[in-house]
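Listed below are the residues making up each chain.
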Amino acid sequence: MEVLRTIKEVRDFKRANRDAPLVLVPTMGALHEGHTSLMKIGKALKGKMIVSIYVNPLQFGPDEDLDNYPRQQKEDIEICRSEGVAAIFLPDDEVMYPGERFTAVRVGSLQDHLCGAGRPGHFDGVTTVVAKLFNIIEPTHAVFGLKDFQQYMIIKKMVKDLDFPIEIIGGDIIREAGGLAMSSRNKYLSPEERERALNINRALTYIMERAADGKSNADTLISDAIAKYLSGIKIDYFDIYDSKNLKPVPRDLPPKGGLVAAGAFFVGSTRLIDNTLFTIR
Ligand code: AMP
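Described below are features of the structure shown in this document. Because the structure is predicted, anything quoted here is derived from the model rather than measured.

Below, the discussion takes up the site of the ligand. Contacts to the ligand come from 17 residues, most closely from His35, Gly145, Asp148, Ile174 and Met182. Interatomic distance of 2.9 Å between a backbone N/O atom of Met28 and an oxygen atom of the ligand. One of the backbone N or O atoms of Ile174 is found 2.9 Å from a nitrogen atom in the ligand. In isolation the ligand has 480 Å² of accessible area, and contact with the protein removes 93% of it. Residue assignment for the shell around the ligand shows that the elements contributing at least two residues are β2 (22-27), α2 (33-44) and β5 (141-145).

Written out as structure tokens, the structure reads:
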């Protein structure tokens, strides 16, 4: 496995592997089974796989956890090696953002709700770094987790709008026993907080099951789920959205069409996101 730190090293790697499909799995490191599940999807495509690990300062707000974000480069390199990754791209800020920056990718209305509403500039930071990674690496495929459903939708739209010749593949949410969605930020949780965080998935499952039973007013579903499961958890946002345009759905849920119940929650000071996709029968 090659460890690439500069753009020139990536270009040399590309030149030496010109004919194979190249699958990119972009990450911020502190790798867990959510990440390795994306690598397994990449591996099934039978090309070469490249994993990028970069904690992108552009997508963090001034009061967010950029400085404390978990970093474990040595362990991450070993995890990638054991997953059959051909190369890791490990750039630093000097490689990604040398000098003054004049250009960014700006996201449109898909960022109006969910995480975009409370994290201004976050998705512009994500699309800008992902567009740079796409231009540096020129993958044929890129795999993103549905855990960050809004990010997945925004990247798919960016690829279409800006004509990147890259196929975007979504990977299912991987959960710990008990249902907590795996996240690098789970490392921040105390044992008691981790226990409390299990209620997030319980609330989402409750909504999905009640909706399937024909209980179909969005406000009632959300307020019942909060009352039943989320009293000890601070809610950043929590609602039911149209899974195509990420706008809140009409309160009397439509009988057809994809829906996503999604939320961001503070358990102690740790912000966790989760979602579940469903339809009403
Ligand atoms: P991150 O390192 O948190 O930026 O995540 C890198 C990629 O892994 C993103 O596409 C995430 O959506 C994906 N990912 C993170 N956690 C999970 C999970 N629990 N299940 C599936 N994909 C995940």
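Additional details are given in the paragraphs that follow.
Let us look at the sheet that holds strand β8 (residues 258-267). Ordered in space as β7-β8-β9, the three strands form an open sheet in which the pairing is antiparallel. At either margin of the open sheet sits one strand with a lone partner, and together these are β7 (234-242) and β9 (270-279). Adjacent strand axes in the sheet meet at a mean angle of 10°, parallel and antiparallel pairs treated alike.

Given a rise of 1.5 Å per residue, 22 residues ought to cover 32 Å, and the 33 Å separating the end C-alpha atoms of helix α8 (residues 191-212) matches this to within 8%. Within α8, burial applies to Glu193, Ala197, Leu198, Asn199, Ile200, Asn201, Ala203, Leu204, Tyr206, Ile207 and Ala211. Each element contacted by the buried residues of α8 is listed here: α9 (218-229), β7, β8 and β9. A positive phi of about 100° marks Gly214, the residue just after α8.

Bringing the packing of helix α6 (residues 122-137) against helix α7 (residues 149-161) into the picture now. Angle between the axes and distance between the axes: these two values describe a pair of packed helices. Running from amino to carboxyl end, α6 crosses α7 at an angle of 55°, the nearest separation of the two axes being 11 Å. Relative to α7, the element α6 is oriented oblique. In the crossing of α6 with α7, the sense of the turn from one axis to the other is right-handed. Facing Phe123, Val126, Thr127, Val130, Ala131 and Phe134 of α6, the residues of α7 in contact are Gln150, Gln151, Ile154, Ile155, Met158 and Val159. Of the residues in the contact of α6 with α7, the class split is nine nonpolar, three polar and no charged.

Before going further, it helps to examine the packing of aromatic side chains. Summed over all chains, the structure comprises six aromatic pairs. Geometrically, the ring pair formed by Tyr54 and Tyr97 is tilted, given 6.3 Å between the ring centres and 50° between the ring planes. Taken together, the residues Tyr54 in the loop between β3 (48-53) and α3 (73-82) and Tyr97 in the loop between α4 (93-96) and α5 (115-118) connect sequence positions 43 residues apart. The residues Tyr54 and Tyr97 share a single accessibility class, namely buried. Seen in terms of ring centroids, Phe60 and Tyr69 are 5.9 Å apart; in terms of plane orientation they differ by 80°. Their pairing is edge-to-face. Its relative accessible area of 7% is what places Tyr69 among the buried residues. We note Lys234 situated over the ring of Phe266; from NZ or CZ to the ring centre the distance is 4.7 Å.

Bringing the sheet that holds strand β4 (residues 87-89) into the picture now. Strand order in the open sheet formed by six strands is β1-β4-β3-β2-β5-β6, with parallel pairing between adjacent strands. In this open sheet, the two edge strands, each paired with only one partner strand, are β1 (2-4) and β6 (167-171). Looking at each pair of strands side by side, their axes are set apart by 25° on average, direction ignored. Sheet topology note: the β5/β6 ladder contains five bridges and is parallel. Residue pairing for β6: Ala142 is matched across the bridge by Ile168. Sitting on the sheet, α2 touches β2, β3, β5 and β6, and the angle it makes with β5 is about 150°. α6 rests against β2, β3, β4, β5 and β6 of the sheet, and its axis sits at about 150° to β2.

Analysis parameters
Along every chain, residues carry numbers that run from 1 in the direction the sequence is written. Whole-chain, interface and lining totals are the exception, using all residues; otherwise, since this is a predicted model, local features are given only for residues with pLDDT of at least 70 and side-chain atom pairs are given and counted only at 80 or more. Computation of side-chain values: all heavy atoms of the structure, hydrogens and water removed. What makes a residue near a molecule or strand is one non-hydrogen atom of that residue sitting within 4 Å of it. Between N or O atoms, a polar contact is any pair within 3.5 Å; within protein, one atom must be a potential hydrogen donor and the other a potential acceptor, and residues adjacent in sequence are included only when both atoms are from side chains. For accessible areas, the Shrake-Rupley method is used with a probe of radius 1.4 Å. Any residue's cover is judged against the shown protein chains and nothing else. Under the scheme used here, helices are H or I runs from DSSP no shorter than 4 residues and strands are E runs no shorter than 2 residues, and both carry numbers assigned from the N terminus. When DSSP finds at least two bridges between two strands, those strands are taken to pair. Fitted lines through C-alpha atoms give the axes, limited to the stretch in contact for helices. The angle between two N-to-C directions lies from 0 to 180 degrees. Each residue after the first adds 1.5 Å to the expected span of a helix. Summary of the burial criterion: residues with accessible area below 20% of their type's maximum are buried, those above 50% are exposed, and those between are partly exposed, where the area comes from a 1.4 Å probe applied to protein chains only. Throughout, a residue-residue contact means that at least one pair of heavy atoms, one from each residue, lies within 4.5 Å. To sort the angles, those under 35 degrees are grouped as roughly parallel, those over 145 as roughly antiparallel, those from 65 to 115 as roughly perpendicular, and the leftovers as oblique. For any helix crossing, the convention is left-handed if the near helix is rotated counterclockwise from the far helix by under a right angle, and right-handed if that rotation is clockwise. Throughout, the ten residues Ala, Val, Leu, Ile, Met, Phe, Trp, Tyr, Cys and Pro are labelled nonpolar, Asp, Glu, Lys and Arg are labelled charged, and all others, Gly among them, are labelled polar. Think of it this way: a Phe, Tyr or Trp ring, Trp meaning its six-membered ring, pairs with another when their centres are within 6.5 Å, and the plane angle makes it stacked under 30 degrees, edge-to-face over 60, tilted otherwise. In our convention, an over-ring charge means Lys NZ or Arg CZ found within 6 Å of a ring centre and within 35 degrees of that ring's normal.

Purely spatial values, then, with no claim about function.
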